[in-house]
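# Breakdown of the fold
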Amino acid sequence: MQQTLIILKPSTVQRGLVGEVIDRFQKKGLIIAGIKMMQLGDEILREHYAHLVDKPFFPSLLKSMQATPVIVMCLRGVDVVEVVRAMIGATNSRKAAPGTIRGDYGMSGQENIVHASDSPENAEIEVRRFFAPGEIFDYSPVTLSATYAADELK
Ligand code: UDP
Ligand code: MG
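## A closer look at unusual backbone geometry
The backbone phi angle of Asp79 is positive, close to 55°, even though this residue is not glycine. Here Asp79 is to be found in the loop between β3 (70–76) and α5 (80–88). In this structure, Ile113 takes a positive phi of about 75° despite not being glycine. By secondary structure assignment, the location of Ile113 is in the loop between α6 (101–105) and β4 (114–116). The class for Ile113 is buried, based on a relative accessible area of 0%.

## Some details on the sheet that holds β4
The strands making up a sheet associate through hydrogen bonds between their backbones, and the pairing can be parallel or antiparallel. With antiparallel pairing, 4 strands are arranged side by side in an open sheet as β2-β3-β1-β4. The open sheet terminates on both sides in strands that have one partner only, identified here as β2 (31–38) and β4. Averaged over all pairs of adjacent strands, the angle between strand axes in this sheet comes to 20°, irrespective of strand direction. Strands in contact with α5 are β1 (3–8), β3 and β4; relative to β1, the strand with the most contacts, it is inclined by about 30°.

Analysis parameters
- Residues numbered from 1 in each chain as written.
- Chains lettered and ligands numbered in written order.
- Predicted model: local features only at pLDDT ≥ 70, side-chain atom pairs only at ≥ 80, totals over all residues.
- Heavy atoms only, no water.
- Helix = DSSP H or I, 4+ residues; strand = E, 2+ residues; numbered from the N terminus.
- Buried < 20%, exposed > 50% of the residue type's maximum accessible area, 1.4 Å probe, protein only.
- Pairing = 2+ DSSP bridges.
- Axes fitted to C-alpha atoms, helices over the stretch in contact; angles between N-to-C directions.
- Contact = heavy atoms within 4.5 Å.

Set out below in structure tokens:
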């Protein structure tokens, strides 16, 4: 089954929204394969946001992502990368559609609640960046057969 890397950003931790955001992913039917709290250092953030290091907002983004520890999660599901990107909405929370996580909980382009991998290839890299192999668990919840039709799980 496909996996994706989620970060509940410091603003989400500070605003007490961790439980609510995780609840939305669980209620959707996504499987938590890994979850932990981490204080992110410069090195991992420069690697994770390598596509943005030259942007003028990068120093502010770095500081924002280090304001408190974050919650990192590996979620599993069929087409989970696309499903989660649709659930979180547009990068700028003010433009994100109501009903999306950013659209419902955020008011900022930077403080936008959550990170989610943008492709299956990047998801594999990002899960390896934030988790050791022993921290990711491969199990089948008993609810799986009520979440998917059998042929969707092949
Ligand atoms: N970001 C920002 N200003 C911008 C664009 C991005 O502060 O103009 C921050 C924002 O927190 C965003 C992160 O940089 O989530 C990564 O940007 P990306 O373009 O990868 O957006 P995402 O994949 O998070 O939607
Ligand atoms: Mg991105």
